[in-house]
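Chain residues, written in single-letter form:
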Amino acid sequence: MRLEYQVLSAIALDLALGDPRWIPHPVRWIGRFAASMETAMRRRFGNPRTAGTVAWTLVLLVTLLGAFLLVRGAHRLHPGAVDGVSILLVYFSIAARDLVGHGEGVRRALEKGALTGAREKVGMIVGRDTDRLDEAGVVRAAVESVAENIVDGITAPLFYAALFGPLGAIGYRAINTMDSLFGYRNERYIDFGRTSARMDDVANFLPARVTGLLVPAAAFLLRLRASDAFRIFLRDRRNHPSPNSGHTEAAVAGALGVQLGGESFYGGRSSFKPLLGDPAETLNRRHIRQVNVLALTASALAVVLFLGSRLLVEACWRAGASAS
């Protein structure tokens, strides 16, 4: 089976199943292995930055080696088994259904008037304090989370799957998992997690910018504010603490006609992020559904772009080879 069909099959599997907790998930194994490497490398190296770099390297190499051995082992069993393993590796690397599902859970709680339940649900997907959020604050947290995670959860793993196959997708997921574990600017991880944070920034550099450009195209198809999405993307994409997250968040803010960013609380302490977008509309529960549909549409465009580009390069390569 061609890679394009493997990727499409993995996407279909994710949309159908999501991430059932009863399925043994390799990303959870990667997380547990990374945590064990932190303990071991801190003991082995006195310098936390060195320990973090070695841990990052070992986790990535072991993940790629394990995936490679799975594919090779499947090939020895049966050619069809290779397709199955490859599809599963890509499937485990993406999280489209879970991403929009969490947002929908927040929206449904708000529809029922259950603000406390909505706070609890949005607290599962954001790091900020949620106990003092009003409805607009809950909506902002949900919209920001979906907008930021379009890249991490969908388009970036698909980008690397198109470039390097299933090993590229699971390798990206390992990099992103280590950033989520170690990439914090606190006393424990400011040095140990530096490599994890920097390499996640590098891995997301191209996918974030491509996705940011696809959001206005998706907004056009959905009859949202496409021109504002592109304008705000150009204007505000660098107004974010992360070098990558602002691209999609700014474009989404423009597409929905809302303003994201502002004050949040973390552990009781106030933190203010630069504002993204213009407050043409007041944030309300309708924007959660809009950002979910926008995320899925932009991701579909990314699939067409990534796989289409791969097919075009292959066709040009074959044409050049036959001509010579």
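Preceding block: the structure.
Residues numbered from 1 in each chain as written. Predicted model: local features only at pLDDT ≥ 70, side-chain atom pairs only at ≥ 80, totals over all residues. Heavy atoms only, no water.

J.: Any details on the side chain of Glu144? Residues and values, ideally.
T.: Relative to the helices and strands, Glu144 resides in helix H7 (residues 135-164). Under the relative-accessibility criterion, Glu144 is labelled buried at 5%. Within the structure, Glu144 has its side chain in polar contact with the side chain of Arg128 (distance 2.7 Å). Not counting residues within four places of it along the chain, the set of residues in contact with Glu144 comprises Arg128, Glu249, Leu260 and Gly261. (Helix = DSSP H or I, 4+ residues; strand = E, 2+ residues; numbered from the N terminus. Buried < 20%, exposed > 50% of the residue type's maximum accessible area, 1.4 Å probe, protein only. Polar contact = N/O pair within 3.5 Å; in protein donor to acceptor, adjacent residues only side chain to side chain. Contact = heavy atoms within 4.5 Å.)

J.: Describe the layout of surface pockets, naming the residues involved and giving the relevant values.
T.: Estimated volume of the second largest pocket: approximately 340 Å³. Along the wall of the second largest pocket there are 15 residues; nearest its centre are Pro26, Trp29, Ala67, Leu70 and Leu89. Broken down by element, the lining of the second largest pocket gets its largest block of residues, five residues, from helix H3 (residues 48-77). (1 Å grid on protein atoms, 1.4 Å probe; cavity = no way out; pocket = protein on both sides within 12 Å on 5 of 7 lines; lining within 4 Å. Points joined across faces, edges and corners; volume = space filled by probe spheres on them.)

J.: Tell me what's going on with H7, and back it up with residues and numbers.
T.: Between its terminal C-alpha atoms H7 stretches 43 Å, which fits the 44 Å expected from 30 residues at 1.5 Å a residue. Of all the bends in H7, the greatest, near 50°, is centred on Asn149. Gly165 lies just past H7 and shows a positive phi near 80°. (Expected span 1.5 Å × (residues − 1). Bend = angle between axes of the 7 residues up to and from the residue.)

J.: Let's hear about a nonpolar patch on the surface: which residues, and what values?
T.: Nonpolar side chains collect at one region of the surface, where Met1, Tyr5 and Leu8 lie side by side and expose about 340 Å² of accessible area between them. The residue Met1 is located in the segment before helix H1 (3-17) in this model. (Patch = residues over 30% accessible without salt bridge, like charges linked within 9 Å, V, L, I, M, F, W, Y side chains within 5 Å. Areas by Shrake-Rupley, 256 points an atom, 1.4 Å probe, with all protein chains shown as cover. Salt bridge = Lys/Arg side-chain N within 4 Å of Asp/Glu carboxyl O.)

J.: Tell me what's going on with the packing of H7 against helix H9 (residues 194-221), and back it up with residues and numbers.
T.: Two elements in contact, H7 and H9, have axes separated by 9 Å at closest approach and are oriented at 100°. Classified by the interaxial angle, the pair formed by H7 and H9 is roughly perpendicular. Each of Ile150, Val151, Asp152, Thr155, Ala156, Phe159 and Tyr160 in H7 lies in contact with H9, whose residues at this interface are Val202, Ala203, Asn204, Leu206, Pro207, Ala208 and Thr211. Split by residue class, the contact of H7 with H9 holds ten nonpolar, three polar and one charged. (Axes fitted to C-alpha atoms, helices over the stretch in contact; angles between N-to-C directions. Parallel < 35°, antiparallel > 145°, perpendicular 65-115°, else oblique. Nonpolar A, V, L, I, M, F, W, Y, C, P; charged D, E, K, R; others polar.)

J.: So, unusual backbone geometry: which residues are in play, and what are the values?
T.: For Arg223, which is not glycine, the phi dihedral falls at a positive 60°. Within the secondary structure, Arg223 is located in the loop between H9 and helix H10 (226-236).

J.: If you had to explain the pattern of salt bridges to someone new, which residues and values would you point to?
T.: When the charged atoms of two side chains lie near each other, side chains of opposite charge can form a pair. Applying the stated criterion across every chain, the model contains 25 salt bridges. In this structure, Glu104 and Arg107 form a salt bridge, with 2.9 Å as the shortest nitrogen-oxygen distance. Pair noted here: Glu104 and Arg107 are both in helix H5 (residues 96-111), with a separation of three residues, about one helical turn. Note that Glu111 is salt-bridged to Arg285, the shortest N-O span being 3.9 Å.

J.: Talk me through the environment of Phe233; I want residue IDs and the actual numbers.
T.: Inspection of the secondary structure assignment puts Phe233 in helix H10. Judged by relative accessible area, which is 3%, Phe233 ranks as buried. Separated by 43 residues in the primary sequence, Phe233 and Leu276 place their C-alpha atoms 8.9 Å from one another. In this view, Phe233 contacts Arg209, Gly212, Leu213, His247, Ala250 and Ala251; residues no more than four positions away in its chain are not counted.

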